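Given next are the chains, with one letter for each unit.
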Amino acid sequence: MLARHADPIAAIATAPGRGAVGIVRVSGKRIGAVIQALCGRALKAREATYLPFRDAQGLPIDQGLAIHFPAPHSYTGEDVLELQAHGGPVVLQLLLARCLEAGAGIGLRVARPGEFTERAFLNDKIDLAQAEAIADLIDASTEAAARSAGRSLSGEFSREIHVLRDALVHLRMLVEATLDFPEEDIDFLRQADAQGQLSRLQQTLAGVMRRARQGALLREGIKVVIAGQPNAGKSSLLNALAGAELAIVTPVAGTTRDVVSQTIQIEGVPLHVIDTAGLRESDDHVEKIGIARAWDQIEAADAVLFLHDLTRAGQAEHQAADAAIARTLAARLGAHVPVIDVWNKRDAAAGAAVPADGLALSARTGAGLDALRQRLLDVAGWQSAPEGVYIARERHVQALRQVDAHLMEAAAHLAARAPALDLLAEELRLAQNALNAITGEFTSDDLLGVIFSSFCIGK
């Protein structure tokens, strides 16, 4: 533990601005002097007391509730003082300044972003996955994401990781025993069905990976870029999906010259939809910049909606331009980025033929939008909102992929005619390290710094 983790800390724990109630928190050892200075007396443990909060001259700054949570029964695992006052920014700043003044003798300082939750992690009140779930719960943009973050915060994700880890530790024990006692005429691995244990471990891991991918999708969403020729109806489609007039729509080609984006949700999954400039050859300097930005967005997309105009589908020039865009998309995008062909303006081109793999819709009337929404969920990999999904981050998914890769290598060593037990043991050790990184039992200080710096001050 670093030296700064021993410092007592204080911060305003509520959002900036005016509000009915504002909270100032203090956490650390030997904060009795701060309690006495602000409250004028000792406080009963975990009991809200209504009293005046006093300045250095004994005059009241405000009146409110004071609660003392003695260690280890507090959010941080340390002694905690929570002052609930009126939510004016000046009042809260005065209270914070008074706390710092009263705690100067014990080294009380202003907390860094996320430091209260970091203390909770370091004092074993929560693990790292639960700490991240707190931030995800605060940042949740959909109801499904909030509920999933709540499940992670309650420990569901961590419990599944611990089940995997315990099974892995048991398997490691068998392999290590075989390595430690090679002279014994006992085949520990065969008698204990090590191959079956490893197979069951991989099956359990596959289920956890599937739910973690769903949780990461709820948290991160996907980036969907609408691309196509000018006047294909890209801006109209963005407006229709968003349910608001976000982009300017006119019959003039080249109206959209910059990127317009909006986050929508479908079944709780956030989709970051981006409208771009029409793709064509242009001599207009401003439009050329817009087209270049369009291609930048397309190359960074998780999925592309390639919008075609049904009313111009029979025109040779239009077909040639669409074909040129399709070739460029194929050249610039990786094979993992799906391109969905969408045929717009079906209300104005009734009976027009649409390819079997294409979607026909009308951005103007909304016909066909539900099918497009479902297709977007399909390409994102969403499986109709299972209740057991917990929130997860990309780093969790990557760690589980590492575990999967190490277990596959371990299975290959174990299946060999003459198993290389030292290599098998090493793969199992690396798999356990990757699992431990999720809950923070094997995590670098640099990673902790990145994770907690994204939190609010006072959390």
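In short, a report on the structure. (Residues numbered from 1 in each chain as written. Predicted model: local features only at pLDDT ≥ 70, side-chain atom pairs only at ≥ 80, totals over all residues. Heavy atoms only, no water.)

**Looking at the overall build of the protein**
Each helix and strand counted, the protein has 15 helices and 12 strands in total. In terms of C-alpha radius of gyration, the protein reaches 29 Å, well past the compact-globule figure of 23 Å for 459 residues. Referenced to the eigenvectors of the C-alpha coordinate spread, the extents of the protein come out at roughly 85 × 80 × 40 Å. Considering only contacts within the protein whose residues lie at least 6 apart along the sequence, 67% involve residues at least 24 apart. Summing over all exposed atoms, the protein offers an accessible surface of approximately 22,000 Å²; the carbon and sulfur share of this is 53%. (Helix = DSSP H or I, 4+ residues; strand = E, 2+ residues; numbered from the N terminus. Rg over C-alpha atoms; globule rule 2.2 N^0.38 Å. Contact = heavy atoms within 4.5 Å. Areas by Shrake-Rupley, 256 points an atom, 1.4 Å probe, with all protein chains shown as cover.)

**Concerning helix α3 (residues 115-122)**
By the criterion of burial, α3 is predominantly enclosed, with 7 of the 8 residues buried. Among the residues of α3, E115, F116, T117, E118, R119, A120 and F121 are the ones counted as buried. Following α3 by one or two positions, D124 has its phi on the positive side, about 65°. (Buried < 20%, exposed > 50% of the residue type's maximum accessible area, 1.4 Å probe, protein only.)

**Some details on the nonpolar core**
In this structure, L400, L407 and L428 are the most contacted members of the largest nonpolar core, which totals 34 residues. The contact partners of L428, leaving out residues within four places of it in the chain, are L168, L171, R172, V175, L407 and A410. Counting 31 residues, the second largest nonpolar core, distinct from the first, contains A232, L361, A363 and V389. (Core = buried A, V, L, I, M, F, W, Y, C linked by side-chain atoms within 4.5 Å.)

**Points about the sheet that holds strand β7 (residues 222-228)**
Taken in spatial order, the 6 strands line up as β8-β9-β7-β10-β11-β12 in an open sheet, and their pairing is mixed. Edge positions in the sheet fall to β8 (260-266) and β12 (359-360), since each of these pairs with one other strand and no more. Here strand β11 (residues 339-344) pairs with β12 via 2 bridges, running parallel. Following the sheet pairing, V342 is matched in β12 by L359. Sitting on the sheet, helix α11 (residues 316-332) is in contact with β7, β10 (303-309) and β11, with an inclination near 170° to β10. (Pairing = 2+ DSSP bridges. Axes fitted to C-alpha atoms, helices over the stretch in contact; angles between N-to-C directions.)

**Considerations on the pairing of strand β2 (residues 19-28)**
Counting buried positions over the 10 residues of β2 gives 7, a clear majority of the element. Relative to β2, strand β1 (residues 9-12) is paired through 4 bridges, and the arrangement is antiparallel. Bridge pairing in β2 links I9 to S27.

**Brief notes about the pattern of salt bridges**
Tallying each qualifying case throughout the model produces 26 salt bridges. In this structure, R109 engages E115 in a salt bridge whose closest nitrogen and oxygen atoms are separated by 2.6 Å. A relative accessible area of 0% means that E115 is categorised as buried. When salt bridges that share partners are traced, they join D7, E78, R109, R112, E115, E118 and R119 into one network. (Salt bridge = Lys/Arg side-chain N within 4 Å of Asp/Glu carboxyl O.)

**A short note on the packing of aromatic side chains**
Under the criterion given, the structure shown has 1 aromatic pair. Considering the side-chain rings of F157 and Y390, the 4.7 Å spacing of their centres and the 25° angle between planes classify their relative orientation as stacked. With F157 in helix α6 (residues 156-180) and Y390 in the loop between α12 (369-380) and α13 (394-415), this residue pair connects regions lying 233 residues apart in the sequence. Residue classification places Y390 among the buried residues on the basis of a relative accessible area of 1%. Here R25 stacks its cationic end above the ring of Y75, 5.9 Å away from the centre of that ring. Note that R332 overlies the ring of W295, its terminal NZ or CZ placed 4.8 Å from the centroid. (Phe/Tyr/Trp six-rings, centres within 6.5 Å; stacked < 30°, edge-to-face > 60°. Lys NZ or Arg CZ within 6 Å of the ring centre and 35° of its normal.)

**A short note on the sheet that holds β2**
In spatial order, the strands read β3-β4-β5-β2-β1-β6; together these 6 strands make up an open sheet with mixed pairing. On the outer flanks of this sheet lie β3 (49-54) and β6 (109-110), each paired with one strand and no other. Examined bridge by bridge, β1 and β6 share 2 bridges and lie parallel to one another. Counted as the bridge partner of A10 is V110 from β6.

**Side note on the environment of A410**
Mapped onto the elements of the fold, A410 is located in helix α13. Classification of A410 as buried rests on a relative accessible area of 0%. Spatially, the C-alpha atom of A410 lies 5.6 Å from that of E427, the residues being 17 residues apart in sequence. Excluding residues within four positions of it along the chain, A410 makes contact with L198, L424, E427 and L428.

**Brief notes about the side chain of N344**
In this structure, N344 sits in strand β11. A polar side-chain atom of N344 sits 3.0 Å from the main-chain amide nitrogen of A363. Residues within four places of N344 in sequence aside, it is in contact with A232, G233, L307, H308, D309, L310, L361, S362 and A363. (Polar contact = N/O pair within 3.5 Å; in protein donor to acceptor, adjacent residues only side chain to side chain.)

**Structural notes on the pairing of β1**
Both faces of β1 are covered, namely the face carrying I9 and A11 and the face carrying A10 and I12. Connecting β1 to the next strand, β2, in antiparallel fashion are 6 residues, including G17 with a positive phi near 110°.

**Section: unusual backbone geometry**
For the bond from A71 to P72, the omega torsion is 0°, close enough to zero to count as cis. Phi is positive for R30, close to 55°, though the residue is something other than glycine. Looking at the element boundaries, R30 is found in the loop between β2 and α1 (32-39). At K345, a position not held by glycine, the phi torsion is positive, near 70°. Note on placement: K345 falls in the loop between β11 and β12.

**As for the layout of surface pockets**
Approximately 400 Å³ is the volume attributed to the largest pocket. Considering the residues around the largest pocket, the lining is formed by 19 residues, among which Q229, L279, R280, E281 and A321 are closest to the centre. Elements represented by at least two residues in the lining of the largest pocket include exactly α10 (285-299) and α11. Its residues placed into classes, the lining of the largest pocket shows 8 nonpolar, 6 polar and 5 charged. (1 Å grid on protein atoms, 1.4 Å probe; cavity = no way out; pocket = protein on both sides within 12 Å on 5 of 7 lines; lining within 4 Å. Points joined across faces, edges and corners; volume = space filled by probe spheres on them. Nonpolar A, V, L, I, M, F, W, Y, C, P; charged D, E, K, R; others polar.)

Remember that the coordinates give geometry; whether it matters functionally is a separate question.
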